[in-house]
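Each chain is listed here by its residues.
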Amino acid sequence: MSNQKTIPGSLNAPHVDAFPTPPFEHQKQPFPGLASKMKPVPDHGEKTYKGSDRLKGRKALITGGDSGIGRAVAIAFAREGAQVAINYLPDEEPDAKEVMDLLWSEGLKVVAIPGDIRDEKFCQQLVKEAEEKLGGLDLLVNNAGRQQFCDSIKDLTTEAFDATFKTNVYAMFWITKAALEFIPRGGSIINTSSVQAFLPSDNLLDYSQTKASIVAFTKGLAKQLAPEGIRVNSVAPGPYWTALQVCGGQPQEKVEKFGEQAPLKRPGQPAEIAAMYVTLASQESSYASGQVWCSDGGTGTL
Ligand code: NAD
Ligand code: MG
């Protein structure tokens, strides 16, 4: 059935078959995990993403920009001409340094503002510092996330539930609220939700609720901010090969088979989703707001 003929990758990306497939090696890391220690190391588009001035002059804050989807978005935004501030946890400095060094070596502007977004004061300070260092703010990507699997509600502690909601829901609310002091007409806010918002797994009860919250927040806020000319959208990834999954996001046996259930029979690599964020950020999508765009390897569910 398979057609042996292939077309080459496009200007901005390699071919659909150019990415790793399961089985993957057994690998476990402590939270929050490092992309640089994963086997194989995720592809964030370091060698492939080519920009074409789609975000020239824009100023973006990206949470979780050290690794995974956030790093791929930071690379793409910077190469599209945006100035970028990334936030991450202090423990992730080695990953952050990798992406900063890469973008600096290309003469691109990227600044690092590490800190824990479960703290409201820090969220306010983060936005202020990003605005000061970039000389403005018109793009916000709320992408940081906490996912720790737990098989039974009986074992799901209040502390874990609280940490997941603080990271995924409260921080998005605090950061967005603070950023709206600065984001002008034409600005764009993009929140990373998940297919888990619509098809929750039995072992991600707290996480999937937060992802559903992000969808509702996105749709409601889009209506609220339309009169101000600010668009709010969400990207809902399916299974992506990132540190989140190997530091407690999934049980080990699922990590080894990660992505197997997707019709494309493999997980996505962060490089394969960054273009959605670029498109939503760009003025080319000036009529798209309140939307949830999915990229999950072919289920067609959303
Ligand atoms: P990742 O681990 O590379 O990125 C998540 C980032 O969140 C971390 O790098 C970290 O910097 C940040 N973070 C977590 N807790 C934080 C805290 N308290 N303070 C500051 N930063 C904190 O993994 P990823 O998969 O790229 O995750 C990015 C987003 O994508 C998350 O919102 C995640 O829920 C979402 N997502 C991922 C998948 C997937 O399969 N990987 C699927 C659907 C949605
Ligand atoms: Mg990280």
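Reading guide: rules and limits
Residues numbered from 1 in each chain as written. Chains lettered and ligands numbered in written order. Predicted model: local features only at pLDDT ≥ 70, side-chain atom pairs only at ≥ 80, totals over all residues. Heavy atoms only, no water. UniProt positions renumbered as here; feature names shortened; annotations may be inferred. Core = buried A, V, L, I, M, F, W, Y, C linked by side-chain atoms within 4.5 Å. Buried < 20%, exposed > 50% of the residue type's maximum accessible area, 1.4 Å probe, protein only. Helix = DSSP H or I, 4+ residues; strand = E, 2+ residues; numbered from the N terminus. Axes fitted to C-alpha atoms, helices over the stretch in contact; angles between N-to-C directions. Parallel < 35°, antiparallel > 145°, perpendicular 65-115°, else oblique. Left-handed = near helix turned anticlockwise from the far one by under 90°. Contact = heavy atoms within 4.5 Å. Nonpolar A, V, L, I, M, F, W, Y, C, P; charged D, E, K, R; others polar. Donors = N, O, S within 2.8 Å, 3.2 Å for Na, K, Ca; no water. Near = heavy atom within 4 Å. Polar contact = N/O pair within 3.5 Å; in protein donor to acceptor, adjacent residues only side chain to side chain.

Entered under Sequence similarities (unreviewed entry) in the UniProt record, the comment concerning the protein chain runs "Belongs to the short-chain dehydrogenases/reductases (SDR) family."

Participant: For this particular structure, what's the right way to read the nonpolar core?
Facilitator: General note: in soluble globular proteins, nonpolar side chains tend to be found buried as a group. Core analysis: the largest hydrophobic core is formed by 32 residues, its most contacted members being L55, I62, V73, F77, V84, I86 and Y277. Of all the secondary-structure elements, those providing two or more residues to this core are β1 (59-63), α1 (68-79), β2 (83-87), α2 (93-105), β4 (139-142) and α8 (274-281). Counting 26 residues, the second largest nonpolar core, distinct from the first, contains C123, L140, A179 and V232.

Participant: Help me understand the packing of α1 against α8, please; the structure alone is not making it clear to me.
Facilitator: What describes two packed helices is the angle between their axes and the distance between those same axes. Between α1 and α8, whose axes approach to 8 Å, the crossing angle comes to 55°. By the angle class used here, α1 and α8 are oblique. Considering how the two elements wind past one another, α1 and α8 form a crossing that is right-handed. The segment α1 lies against α8, with I69, A72, V73, A76 and F77 engaging A274, Y277, V278 and A281. Partitioned by chemical class, the residues of the contact of α1 with α8 number nine nonpolar, no polar and no charged.

Participant: Sorry, what's going on with the environment of F198 here?
Facilitator: With respect to the helices and strands, F198 occurs in the loop between β5 (188-192) and α5 (205-225). Through-space distance from the C-alpha of F198 to that of K211 is 8.6 Å; in sequence the pair is 13 residues apart. Discounting residues that sit within four places of it in the chain, F198 has contacts with V215, V292 and L302.

Participant: I keep staring at the coordination of the magnesium ion (ligand 2) and nothing clicks. Help me out?
Facilitator: When a metal carries six donors in an octahedron, the ideal angles between them are 90 or 180 degrees, while four donors in a tetrahedron ideally lie at 109.5 degrees. Those donors, D66 (OD), S67 (OG) and E92 (OE), are the protein atoms that reach the magnesium ion (ligand 2), and they lie 2.1 to 2.2 Å from it. Sequence spacing among the residues donating to the magnesium ion (ligand 2) works out to D-S-x24-E. In terms of burial, D66 and S67 fall into one category: buried.

Participant: In this structure, what is going on with the site of ligand 1? I would like to understand it.
Facilitator: Near ligand 1 you find 32 residues, and of these S67, E92, N143, Y207 and T242 are the closest. A distance of 2.8 Å separates an oxygen atom of ligand 1 from a polar atom in the side chain of D66. At 2.5 Å, a side-chain N or O of Y207 approaches an oxygen atom of ligand 1. Going through the elements one at a time, α1, α5 and α6 (243-249) are the ones with two or more residues in the shell around ligand 1. A total of three residues in the shell around ligand 1 trace back to one element, the largest contributor, which is α6. Looking at side-chain class alone, the shell around ligand 1 contains 13 nonpolar, 14 polar and five charged residues.

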